[in-house]
Amino acid sequence: MTPPATTRRTDLLEWFKTITFYEILVGMKSTLSHLLHYKPVTLQYPHEKRTLPDNYRGMLALLRYDDGTEKCVGCDLCEAACPSRVIRVVSAEVPGEPTKRYSKEYYMDMTRCLFCGMCVDACPVDALGMTREFEWAVYDKRQLHLNKEQLLAIGDRSYPIREKRLELQHPNTAFFNVAFKHIPQKPE
Amino acid sequence: MTELGLRLAVSFTQIAAVTCIVIVTVLLLTLAERKVLGWMQDRMGPMEVGPYGILQPFADAIKLFFKEDIVPAGANKFLFTMAPILALIPALIGFAVIPWGPNQSLEIGSFTIKPFIISDINIGILYILAFASIGAYGIILGGWSSNSKYSLLGGLRSAAQVISYELNVGLSIVGVLIMAGSLSLVQITDAQSGWFWNWYVFAFPAPQIFALVVYVISAVAETNRVPFDLPEAESELVAGFFTEYSGLRFAFFYLAEYANMVLVSCVAAAMFLGGWNAPYPGTLIGYLGLPAFAWVENTMWFAVKTYSFLFLFFWLRATLPRLRYDQLMRFGWKVMLPIALANIVVTALAVFFHQQMK
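Residues numbered from 1 in each chain as written. Chains lettered and ligands numbered in written order. Predicted model: local features only at pLDDT ≥ 70, side-chain atom pairs only at ≥ 80, totals over all residues.

Asker: Summarise the overall build of chain B; cite the residues concerned and give the values.
Answerer: A tally of helices and strands in chain B yields 12 helices and 2 strands. Relative to the 2.2 N^0.38 estimate, which gives 21 Å for 358 residues, the radius of gyration of chain B is 21 Å and therefore close to what a compact globule would have. Here the contacts in chain B between residues at least 6 apart in sequence split such that 78% fall between residues at least 24 apart. (Helix = DSSP H or I, 4+ residues; strand = E, 2+ residues; numbered from the N terminus. Rg over C-alpha atoms; globule rule 2.2 N^0.38 Å. Contact = placed C-beta atoms within 7 Å.)

Now the structure itself:
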């Protein structure tokens, strides 16, 4: 039984395409057209940088009020919110004002940070902010262990416009640090 | 004695000039390949060293020169050292019989020299094929002496591949040799002068178009280029036969690969596309009344033909994925070889009857 004429013709066409390298030529035409209509998508990164989106989550920073005082009230909520235990806060009373607290020491281990922004969300006084800095490659990992001064410095250079300090804002009553059984306890 | 001295001096000058040209071409190719490949893939290629990255080859050369030279533990030191040299020397030595320009003679005192060819030996093309086979030893020994499985696998693949495809290179050339009646590349090129239909790709009575296709494909395979880069398949064998090589030895292999590319392109241009002949009889500069400078145009034509083949190498690399090993073997033995053999038979018959008719 002979195959129908149409099948034979397509077979012949397939055979012709094979011996003339038709498919390879189609591919080569495609690459050549890319060469002739050369439009690179490359961004020459260190020389030109793309504009970052407004909600870019970059380096973390501690912020100040417009009079230069720290916003942070040492509530430890950021530490509780952080999923990778980046933050360590040592909270203390403001000397002479037993109702007010501040963070005596504030550490961030940025080697572990995954830039989720949950600490920023958790902060009740907007003391934390995310900047648009991202070029934080260092030769020594220990340089990513930031203390309070460094974090404030990042905030100072990234947030030139500061929030006005309200009169009623400061007597913070903080009953934070509530222990939950299902959350791993922080190391002492 | 003085004549011998003078001859030696002339030969050394020619060898130095040709080697310089080849090395410069190789430097150019390393940049051109990355640039062309980048452009074809909507990238920019190297852009950092110098304006538009044009100094990249020099940066690469300096880097390779100052790299630590590592000999792996358990390697056969002697062969490990010899292999890059065995790969590079045959690649460079083949250029001795390539005619770069017109077949002119220059009278200096009592003897004549040919300025555009180092040595017009009458077995030219055979000599190139013979040395290309020796180049395969460098790759195989380099793979074997490294004491590494990736290198060994690359070397083995290379052995099988080069043997299969060298056969096709040799057989695809036979058609041209039948028509030219000579093995000397100078005479083969001379026989293709005049209009471009005298080139052996189009020449009456037996156009060698199939032979050219077979030759180009086999040449790509022989120089271990994509899509036949199984000996150095980076996604399978790290870097194939030169996985363990570093520094200058690695540079030698790299140089050998590109020199081989230039060599097979030169041979293709000389055998099939008329070598230094322009597509029209004579030269434009000759018609303008400066026949003494006609060689400029002729060498330019040779360069254009060679570089278009080299561009084809890049183009294929940007387009095609690597063949599987069994596909490579099947393609070489079951497709390329019969075409090459049939081409020989057809060419021989055509040339025979053509001569009978005359």
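Asker: Give a description of the overall build of chain A that names residues and reports values.
Answerer: Regarding its fold elements, chain A presents 5 helices and 5 strands. Beginning at the N terminus, the succession of helices and strands in chain A can be written as α-α-β-α-β-β-α-β-β-α. Contacts in chain A between residues at least 24 apart in sequence constitute 73% of all its contacts with a sequence separation of at least 6.

Asker: Before we move on, can you summarise unusual backbone geometry with the specific residues and values?
Answerer: Although it is not a glycine, Phe21 of chain A sits at a positive phi angle of roughly 55°. Inspection of the secondary structure puts Phe21 of chain A in the loop between α1 (5-19) and α2 (22-36). For Asp42 of chain B, which is not glycine, the phi dihedral falls at a positive 60°. Along the chain, Asp42 of chain B falls in the loop between α1 (2-40) and α2 (56-66).

Asker: Give a detailed account of the pairing of strand β3 (residues 97-109) of chain A, specifying residues and quantitative values.
Answerer: In regular strands, side chains alternate between the two faces of the sheet. Residues and elements named next belong to chain A. The pairing of strand β2 (residues 87-94) with β3 spans 8 bridges and is antiparallel. Across the sheet, Ile87 pairs through a bridge with Met108, a residue of β3. Linking β2 back to β3 in an antiparallel pair, the connection comprises 2 residues, with Gly96 at a positive phi of about 85°. By the bridge criterion, 2 bridges tie β3 to strand β5 (residues 145-146) in an arrangement that is antiparallel. Paired with Met108 across the strands is Leu146, a residue of β5. (Pairing = 2+ DSSP bridges.)

Asker: Kindly report on the environment of Ala292 of chain B, identifying the contributing residues and their values.
Answerer: By secondary structure assignment, the location of Ala292 of chain B is in the loop between α10 (284-287) and α11 (294-319). Here the alpha-carbon distance between Ala292 of chain B and Leu92 of chain B, two residues 200 residues apart in the chain, equals 30 Å.

Asker: Account for the interface of chain B and chain A, naming residues and giving values.
Answerer: The interface is formed by 11 residues belonging to chain B together with 13 residues belonging to chain A. Those elements that provide at least two residues to the side of chain B that touches chain A are α1 and α11 of chain B. Residue composition of the side of chain B that touches chain A, grouped by class: 8 nonpolar, 1 polar and 2 charged. (Nonpolar A, V, L, I, M, F, W, Y, C, P; charged D, E, K, R; others polar.)

Asker: So, the confidence of the model for chain B: which residues are in play, and what are the values?
Answerer: The predicted model of chain B averages 84 in pLDDT, with 99% of residues at 70 or higher. Quick note on the complex model: pTM equals 0.80, ipTM equals 0.72. (pLDDT = per-residue confidence, 0-100.)

Asker: Give a detailed account of the nonpolar core, specifying residues and quantitative values.
Answerer: Grouped together as the largest cluster of nonpolar side chains are 96 residues, with contacts concentrated most on Tyr215, Ala259, Ala268 and Phe272 of chain B. Ranked by the residues each element gives to this core, the list is headed by helix α9 (residues 247-272) of chain B, at 18 residues. Those residues in contact with Ala259 of chain B, other than ones at most four positions away along the chain, are Val22, Val26, Ala91 and Leu92 of chain B. Counting 24 residues, the second largest nonpolar core, distinct from the first, contains Met108, Cys113, Leu146 and Ile154 of chain A. (Core = buried A, V, L, I, M, F, W, Y, C linked by C-beta atoms within 7 Å. Buried ≥ 20, exposed ≤ 12 C-beta atoms within 10 Å, placed from the backbone.)

Asker: Summarise the sheet that holds β5 of chain A; cite the residues concerned and give the values.
Answerer: Residue and element names in this part refer to chain A. Taking strand neighbours across the sheet as the criterion, the 3 strands line up as β2-β3-β5 in an open arrangement whose pairing is antiparallel. Either end of the sheet is taken by a strand with one partner, and the two such strands are β2 and β5. On top of the sheet, helix α5 (residues 148-158) reaches β3 and β5; it is set at about 90° to β3, its chief contact. (Axes fitted to C-alpha atoms, helices over the stretch in contact; angles between N-to-C directions.)

Asker: Which residues make up helix α3 (residues 77-93) of chain B, and what are the values?
Answerer: Residues and elements named next belong to chain B. Look at α3: 25 Å from first C-alpha to last across 17 residues, which is about the 24 Å you get at 1.5 Å a residue. When we look at burial in α3, the residues that qualify are Phe80, Ala83, Pro84, Leu86, Ala87, Leu88, Pro90, Ala91 and Leu92. Lining the buried residues of α3 we find α1, α4 (124-145) and α9. (Expected span 1.5 Å × (residues − 1).)

Asker: Describe the packing of α4 of chain B against helix α5 (residues 149-180) of chain B, with residues and values.
Answerer: All names here are of chain B. As a packed pair, α4 and α5 sit with axes 7 Å apart at the nearest point and diverge in direction by 170°. As far as their axial angle goes, α5 and α4 are roughly antiparallel. Packed against α4, whose contacting residues are Ile125, Leu129, Ala132, Ser133, Ala136, Ile139, Ile140, Gly142, Gly143 and Trp144, the element α5 presents Ser151, Leu152, Gly154, Gly155, Leu156, Ser158, Ala159, Val162, Glu166, Val169, Gly170 and Ile173 at the interface. Of the residues in the contact of α4 with α5, the class split is 13 nonpolar, 8 polar and 1 charged. (Parallel < 35°, antiparallel > 145°, perpendicular 65-115°, else oblique.)

Asker: Describe in detail the environment of Leu177 of chain B, supporting the description with residues and values.
Answerer: By secondary structure assignment, the location of Leu177 of chain B is in helix α5. Along the backbone, Leu177 of chain B and Val18 of chain B are 159 residues apart, and their C-alpha atoms lie at a distance of 25 Å.

Asker: Give a detailed account of helix α7 (residues 209-222) of chain B, specifying residues and quantitative values.
Answerer: Residues and elements named next belong to chain B. Over its 14 residues, α7 extends 20 Å from the first C-alpha to the last, a length consistent with the 20 Å expected when each residue adds 1.5 Å. Counted residue by residue, α7 has 12 buried out of 14 residues, so it is predominantly covered. Positive phi appears at Asn224, one or two residues downstream of α7, with a value of about 60°.

Asker: Just give me the short version of the packing of α2 of chain A against α11 of chain B, but keep the residues and values in it.
Answerer: Each pair of packed helices can be described by the angle between their axes along with the distance between the axes. One can describe the packing of α2 of chain A onto α11 of chain B by two numbers: an axis separation of 9 Å at closest approach and a directional angle of 105°. When the axes of α2 of chain A and α11 of chain B are compared, the pair comes out roughly perpendicular. Residues Gly27, Met28, Thr31 and Leu32 of chain A of α2 of chain A form the contact with α11 of chain B, whose participating residues are Trp315, Ala318 and Thr319 of chain B. Within the contact of α2 of chain A with α11 of chain B, the residues separate by chemical class into 4 nonpolar, 3 polar and no charged.

Asker: Outline the confidence of the model for chain A, listing residues and values.
Answerer: Looking at chain A, pLDDT values average 81 and 85% of them are 70 or higher. Across residues 170-180 of chain A the pLDDT falls below 50, and counting only partners more than four positions away or on other chains, this stretch makes 13 contacts in the model.

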